[in-house]
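# Summary of the model geometry
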Amino acid sequence: MSIEPIFIGKGDLPVHLLPKYGNRHGLVAGATGTGKTVTLQGLAESFSRIGTPVFLADVKGDLSGLALPGGGKPVFEERAKELGIDGYSHTGFPVVFWDVFGQLGHPVRATISEMGPLLLSRLLDLNEVQEGVLNLCFKVADDNGLLLLDLKDLRSMLVFVADNAKELTVQYGNVSSATIGAIQRQLLVLEEQGAEKFFGEPALDLHDLIRTAPDGRGHVNILASQQLFQSPRLYATFLLWLLSELFEELPEVGDMEKPKLVFFFDEAHLLFNDAPKALVEKIEQVVRLIRSKGVGVYFITQNPIDIPETVLGQLGNRVQHALRAFTPRDQKAVKSAAETFRPNPSFDTETTITELGVGVALCSMLDEKGVPTIVEKAKIAPPQSRVGPATEEERNQVLRQSPLAGRYDHMVDRESAFEVLKKRATEAAAEQEAQDQPKEERRASARQSDSILESAVKSFARAASSQLGRNIVRGVLGGLLGGSTGRRRR
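Residues numbered from 1 in each chain as written. Predicted model: local features only at pLDDT ≥ 70, side-chain atom pairs only at ≥ 80, totals over all residues. Heavy atoms only, no water.

With that settled, consider unusual backbone geometry. Each neighbour pair has its own omega, and for Glu 201 with Pro 202 the value is 0°, a cis peptide bond. Considering the arrangement of structural elements, one finds Pro 202 in the loop between helix H7 (177-192) and strand S7 (220-224). Positive phi, normally seen in glycine, also occurs at His 25, with a value near 70°. Overall, His 25 belongs to the buried group, its relative accessible area being 1%. (Helix = DSSP H or I, 4+ residues; strand = E, 2+ residues; numbered from the N terminus. Buried < 20%, exposed > 50% of the residue type's maximum accessible area, 1.4 Å probe, protein only.)

Let us look at helix H12 (residues 328-339). The terminal C-alpha atoms of H12, which comprises twelve residues, lie 17 Å apart, in line with the 16 Å expected from a rise of 1.5 Å per residue. Among the residues of H12, those classed as buried are Asp 330, Ala 333, Val 334, Ala 337 and Ala 338. In an axial view of H12, the angular spread of the buried residues amounts to 130°, which keeps them on one side of the axis. Set apart from the buried face of H12 by more than 90 degrees, the exposed residues are Pro 328, Lys 332 and Glu 339. For H12, the secondary structure elements touched by its buried residues are strand S10 (317-320) and helix H13 (349-353). (Expected span 1.5 Å × (residues − 1). Arc of directions from axis to C-beta. Contact = heavy atoms within 4.5 Å.)

Time to look at the environment of Leu 279. Inspection of the secondary structure puts Leu 279 in helix H10 (residues 277-290). On the basis of relative accessible area, Leu 279 is assigned to the buried category, the value being 2%. Each C-alpha atom, one on Leu 279 and one on Leu 119, is 8.1 Å from the other, the two residues being 160 residues apart in sequence. The contacts of Leu 279, once residues within four sequence positions are left out, are Leu 119, Arg 122 and Leu 240.

All right, on to the sheet that holds strand S12 (residues 376-380) then. Pairing in this open sheet of twelve strands is mixed, and the strands run S2-S1-S12-S11-S10-S3-S9-S8-S4-S7-S5-S6 from one edge to the other. The open sheet has two free edges, formed respectively by strand S2 (14-17) and strand S6 (106-107), since each of these has just one partner strand. The pairing of strand S1 (residues 6-10) with S12 spans two bridges and is antiparallel. Looking across to S12, one finds that Gly 9 is bridged to Ile 380. (Pairing = 2+ DSSP bridges.)

One pass over the full model with this rule turns up 19 salt bridges. In this structure, Asp 143 and Lys 139 form a salt bridge, with 3.4 Å as the shortest nitrogen-oxygen distance. Here the residue Asp 143 and the residue Lys 139 both occupy positions in helix H4 (residues 128-143), the gap between them amounting to four residues, near one helical turn. A relative accessible area of 39% places Asp 143 in the partly exposed class. Residue classification places Lys 139 among the partly exposed residues on the basis of a relative accessible area of 44%. When salt bridges with common partners are traced through the structure, they connect Asp 150, Lys 152, Asp 413 and Glu 419 into a single cluster. (Salt bridge = Lys/Arg side-chain N within 4 Å of Asp/Glu carboxyl O.)

Within the fold, Asn 317 resides in strand S10. For Asn 317, a relative accessible area of 2% translates into the label buried. Considering only alpha carbons, one finds Asn 317 and Leu 17, 300 residues apart in sequence, at a separation of 7.5 Å. When sequence neighbours within four positions are dropped, the list of residues in contact with Asn 317 reads Leu 17, Tyr 21, His 25, Gly 26, Leu 27, Tyr 298, Ser 364, Met 365 and Leu 366. There is a polar contact of 3.2 Å between the side chain of Asn 317 and the backbone oxygen of His 25. There is a polar contact of 3.5 Å between the side chain of Asn 317 and the side chain of Tyr 298. (Polar contact = N/O pair within 3.5 Å; in protein donor to acceptor, adjacent residues only side chain to side chain.)

The biggest cluster of nonpolar side chains holds 85 residues, and the ones touching the most others in it are Phe 199, Phe 238 and Phe 299. The element contributing the most residues to this core is helix H8 (residues 232-249), with eleven residues. Setting aside residues up to four positions removed in sequence, Phe 238 forms contacts with Val 100, Val 108, Phe 198, Leu 223 and Leu 228. In this structure, Ile 8, Phe 264, Tyr 298 and Val 398 belong to the second largest nonpolar core, which totals 34 residues. (Core = buried A, V, L, I, M, F, W, Y, C linked by side-chain atoms within 4.5 Å.)

A few words now on the packing of helix H5 (residues 151-163) against H7. Running from N to C, H5 and H7 point in directions that differ by 170°, and their axes come no closer than 10 Å. Put simply, H5 runs roughly antiparallel to H7. Contacts between H5 and H7 pair Leu 151, Leu 154, Arg 155, Leu 158, Val 159, Val 161 and Ala 162 from the former with Ile 180, Ile 183, Gln 184, Leu 187, Leu 188 and Glu 191 from the latter. Residues of the contact of H5 with H7, tallied by class, amount to ten nonpolar, one polar and two charged. (Axes fitted to C-alpha atoms, helices over the stretch in contact; angles between N-to-C directions. Parallel < 35°, antiparallel > 145°, perpendicular 65-115°, else oblique. Nonpolar A, V, L, I, M, F, W, Y, C, P; charged D, E, K, R; others polar.)

Within this structure, the stated rule accounts for 13 aromatic pairs. Ring geometry for Phe 265 and Phe 299: centres 6.2 Å apart, planes at 25°, overall stacked. Residue Phe 265 is located in strand S8 (residues 261-265), and its partner Phe 299 is located in strand S9 (residues 295-301); the two are separated by 34 residues in the primary sequence. Summarising the aromatic geometry, the rings of Phe 272 and Phe 299 are spaced 6.3 Å apart at their centres and angled 45° between planes, so their arrangement reads as tilted. Remark: Phe 299 occurs in strand S9 and Phe 272 occurs in helix H9 (residues 269-272); sequence separation between them is 27 residues. For Phe 272, a relative accessible area of 10% puts it in the buried group. The exposure class assigned to Phe 299 is buried, which follows from its relative accessible area of 0%. Three or more aromatic residues link up through ring pairs in this structure, and these residues are Phe 55, Phe 229, Tyr 235, Phe 263, Phe 265, Phe 272 and Phe 299. Above the ring of Phe 93, the side-chain terminus of Arg 217 is found at 5.1 Å from the ring centroid. (Phe/Tyr/Trp six-rings, centres within 6.5 Å; stacked < 30°, edge-to-face > 60°. Lys NZ or Arg CZ within 6 Å of the ring centre and 35° of its normal.)

Pasting the structure below:
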């Protein structure tokens, strides 16, 4: 049984998105206030309705209404009647709330190892030399069987590498204490942004994002991003990590009748702002290949030129809301957007983009042969769920009824690099202490046979040796247990 096409809107002709091409990615673009969020909400509902789970970031806090029935907006009733939508009704959808900070949804966590040195370097805004040292820390941890799960594990490894720089240089390359210090300072900045709540266990099981409700509709996973969005680099890196993990873990599935998951990346320009070439290449690769895993990626942005052409060229389904043309850059964006569409003889695309009303967009989807259709000026179908945020009590009610309630609520701190290195340092301290305390018999014998001068010399030597040993051990323990590298703030 084939799946009905997803109705997007209608102009002179109806516009449909074919589910079998839902994994060919898409773009929803337009200036503020032109209707992008409502279009995003309608797309999320449509994919959920056909049984495809959805993941989206809620940067303004107004997508939580997807969990609740709509109503109270006559303009939507009129639009549904105008578009001839039979049986239009108000209904909520099966929503699962997530939150990196664990306040407005289930906590989302990843381990330091899962994030990896490339994304961490991006997150910490490291230069090439600092990124090289961070890679070295990961390599040393791997070679020594040390798990990097949370920030205190990474701090411990940085201290370990600094304390053993001379020995490690031979095998891994030069390590500068100044570079280690710079990375540690960036980690402090990251902690102040609340990242210590994100790194740790239990880590997110990606299969929990690919679930369907008992009625067959796909879960709509909403990441509460109002606070996360205040740290744009953390926001963009987290979503890129999630996309990369999906790419790495999901099996190849070939052509499917509908996507396995649809991923909406709101404020997509943040992903590419000041991104190094290596990272942009990684994004391009993930977007190009992840469709074979059954995952569709839809970028939501104000201006399509914020997305590199290598990525933009892979987005087959497009909804373009109005753009303004006040500045030369705006005019370039309008021209660029118009050139991506197949022309419609009924209107001038470039002019029309600047004249579109709220809730009206230029649309082009992939046809049965996978070819972009001629651009159509269409009124966008209204959503069925509430347009606007859920109340605190409504959100809490959804959380209480969530199929994942209790699964991620409590952080687990198992033995990893911090605990192992702490144990080694403690054992080294005990061993040094034992070496500093000769047996009583030897000490008594020494006192009897040594001259006063010899005893004084040996006593001084022992004291010097003991002090040196204690200073070495104190340096290791101080780095692991004290100051800025101490345990995570609770």
